[in-house]
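# Results of the structural survey
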Amino acid sequence: MSAGEVLVVGGGSAAHRFTERLHHHGHRGGLTVLGAEPAAPYHRVLLTSVLDGTLPPAALDLPALPDGVRMRTGTTAVRIDRARRLVRADDGSVHRYDTLVLATGARPALPRIPGLPRPGTSDAVTALRTLADAERVLRAAPDARRTVVLGGGLLGVEAAAALTRAGHEVALVHRGPHPLDRHLDAAAGRLLAGRLAGLGVELHCGRQAAAYCAGKLTLDDGAVLAADTLLLCTGAVPETALARRAGLAVGTGVLVDGRLRTDDPHIHAIGDCAEHPGAAAGHLEPAWEQAESLARQLTGAGPREAGYRGTRRVTRLRVPGIDLVRLGGRPAAGPDADGSPGGGSGSGAGGEAGAGAGAGAAAEVVTVADPARGRYARLTLHGQRVTDAVLLGLPRAIAALSRLHERGLPVPAGRLEFLLGIEPAPPGADELPGDAVVCRCNNVTKHAVTEACRAGAADVAQVAAATRATTGCGGCTSTVRALCGTVRTGGSTS
């Protein structure tokens, strides 16, 4: 099976992953990637690590694309000629295709605030979607110690915490009752708010921006906040303009079927720009799984009937020292969409892949609240399996329950003991299969970590340098450390 001349429009993580997997599965035909940004593909989910200085911008670069791939950066596709199978770009170039893959991502959803300048025209006001946005914040940093972050979704919370770690005075303004209100109930939200306040973030919840003038943001209650920098983290919307101009079916995103095809059989869509009933925009995992599924279909590496059926929803907060995850469920409807760039949860509609088993049975709800120690869990189970869960301050339970959720396995009968870590957790690091993803932020497998250890990486820092594992949210650090120890002691990691 041959996909012929493949053209990918988009230069983000989804496009990069698809291109790598297409080559891996045997495609040797022409392959061209058009990326609108001037930079080569980079790891967008780690932008907040640039804000706090944990990583320099260059550290976000994704691995080079396979030999033979034609990568054109700074090139924006402006028109699709479906009849002739041509794509025209803003630089005048014309690109032929047999198979076209749209991976155009999403753009910031910008609020309408009187006096707000257009982002990009001033370093004092910016969204946070691209590396250029993060660098704009860094340029303003020497003279801007007071930052206001507008929007308390995943990206807003992560950015506020990152800037606080970098020494900024940070105020977080969110119209909901507490940060992440689309993902957390009131009890978990209060605990998270307390943790953020403990980090030094000034919270203004239940408030909206009413007006902006240079250096000041006025809220709807009349409060005026000093804002040397105003960071807009108010959501993202799928980038569908190119598809609309081409006459493709578009809802919130570009509509695709189980084989990730649009209503034109020669055009597919993946990642944040695509609308599939089993995935939510803004998640990195669905984009990777869509890229893998489409690469297999186009090369004949998988069964023809085995299309993309959706991805189990996992929402993780990437703030060091705050262990928080939401598994399954749907974000509650709300006015303030999350704007996480590729790593957090978005606002797109989507079902929970694999959640159908036992979904018709009565729900079992388990709640554990320990506010004095900052711990909280709420599990919703159907047929002993997780269909929705929120866990905060329980790192061991997060790791164990995430593995069960990923594999669709039942939760042990001793729910309380399991959540508090009294009973042994499910299979440890040495029992994971080699292809298990250890670091979700960077898609690093157990095999990659153990091979790095065998090649000489002696500790977590050296494994991070070799594979980038642990350089995202840091949630995989204990697993990576355990694998390093097993290799050092000569134990089996198979």
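Everything that follows concerns the structure shown earlier in this document.
This write-up is about the structure you can find in this document. (Residues numbered from 1 in each chain as written. Predicted model: local features only at pLDDT ≥ 70, side-chain atom pairs only at ≥ 80, totals over all residues. Heavy atoms only, no water.)

Taken in spatial order, the three strands line up as S13-S14-S15 in an open sheet, and their pairing is antiparallel. Of all the strands in the sheet, the pair left with one neighbour each is strand S13 (209-213) and strand S15 (224-226). The mean inter-strand angle of the sheet, taken between neighbouring strand axes irrespective of direction, is 25°. Relative to strand S14 (residues 216-219), S13 runs antiparallel, the two being bridged by four bridges. Of the residues in S14, the one forming a bridge with Ala209 is Leu219. (Pairing = 2+ DSSP bridges. Helix = DSSP H or I, 4+ residues; strand = E, 2+ residues; numbered from the N terminus. Axes fitted to C-alpha atoms, helices over the stretch in contact; angles between N-to-C directions.)

The subject of this paragraph is the pairing of strand S12 (residues 202-205). As defined by bridge partners, strand S11 (residues 169-174) adjoins S12 across four bridges and the pair is classed as parallel. Paired with Leu172 across the two strands is Leu203, which belongs to S12. Taken together, S11, helix H5 (residues 186-199) and S12 constitute a β-α-β crossover, and its handedness is right-handed. (Right-handed = clockwise from strand over helix to strand, strands pointing away.)

For the rest of this paragraph, the subject is unusual backbone geometry. Of note in this structure, Leu180 is not a glycine but carries a positive phi near 60°. Relative to the helices and strands, Leu180 resides in the loop between S11 and H5. One non-glycine residue, Gln384, lies in the positive phi region at around 75°. You can call Gln384 partly exposed: its relative accessible area is 39%. (Buried < 20%, exposed > 50% of the residue type's maximum accessible area, 1.4 Å probe, protein only.)

Tallying each qualifying case throughout the model produces 27 salt bridges. Glu292 is the partner of Arg21 in a salt bridge, and the nearest nitrogen-oxygen pair spans 2.6 Å. Of this pair, Arg21 sits in helix H1 (residues 13-24) while Glu292 is found in helix H7 (residues 284-299), placing the two residues 271 residues apart along the sequence. Since its relative accessible area comes to 16%, Glu292 is described here as buried. Each member of the salt-bridge network shares a partner with another, and the members are Arg17, Glu20, Arg21, Glu292 and Arg296. (Salt bridge = Lys/Arg side-chain N within 4 Å of Asp/Glu carboxyl O.)

Within S11, five of the six residues are buried, which leaves the element mostly enclosed by the surrounding structure. Remark: the strand S10 (residues 146-150)/helix H4 (residues 154-165)/S11 crossover connection has right-handed handedness.

Moving on, we come to the environment of Leu294. Tracing the backbone through its elements, the reader meets Leu294 in helix H7. On the basis of relative accessibility, which here comes to 0%, the residue Leu294 falls in the buried class. Sequence-wise, Leu294 and Ile270 are 24 residues apart; in three dimensions their C-alpha atoms are separated by 8.4 Å. Apart from the residues within four sequence positions on either side, Leu294 is in contact with Phe18, Val101, Arg259, Leu260, His268 and Ile270. (Contact = heavy atoms within 4.5 Å.)

We now examine helix H12 (residues 477-488). Here H12 contains twelve residues, and its C-alpha end-to-end distance of 16 Å stays within 8% of the 16 Å for a straight helix at 1.5 Å per residue. Among the residues of H12, Thr477, Thr479, Val480, Leu483, Cys484, Gly485, Thr486 and Val487 are the ones counted as buried. In this fold, the buried residues of H12 make contact with strand S26 (437-439), helix H10 (446-454) and helix H11 (460-467). Phi for Gly490, located one or two positions after H12, is positive at around 80°. (Expected span 1.5 Å × (residues − 1).)

The next point concerns the sheet that holds S12. To summarise the sheet geometry, strands pair through backbone hydrogen bonds and adopt either a parallel or an antiparallel arrangement. Read across the sheet, five strands follow the order S9-S16-S10-S11-S12 without closing on themselves; strand pairing throughout is parallel. The open sheet is flanked by strand S9 (125-127) and S12, the only strands paired with a single partner. Taken pair by pair, the neighbouring strands of this sheet meet at an average axis angle of 20°, ignoring direction. Relative to the sheet, helix H3 (residues 131-140) contacts S9 and strand S16 (229-232), its axis offset from that of S9 by approximately 150°.

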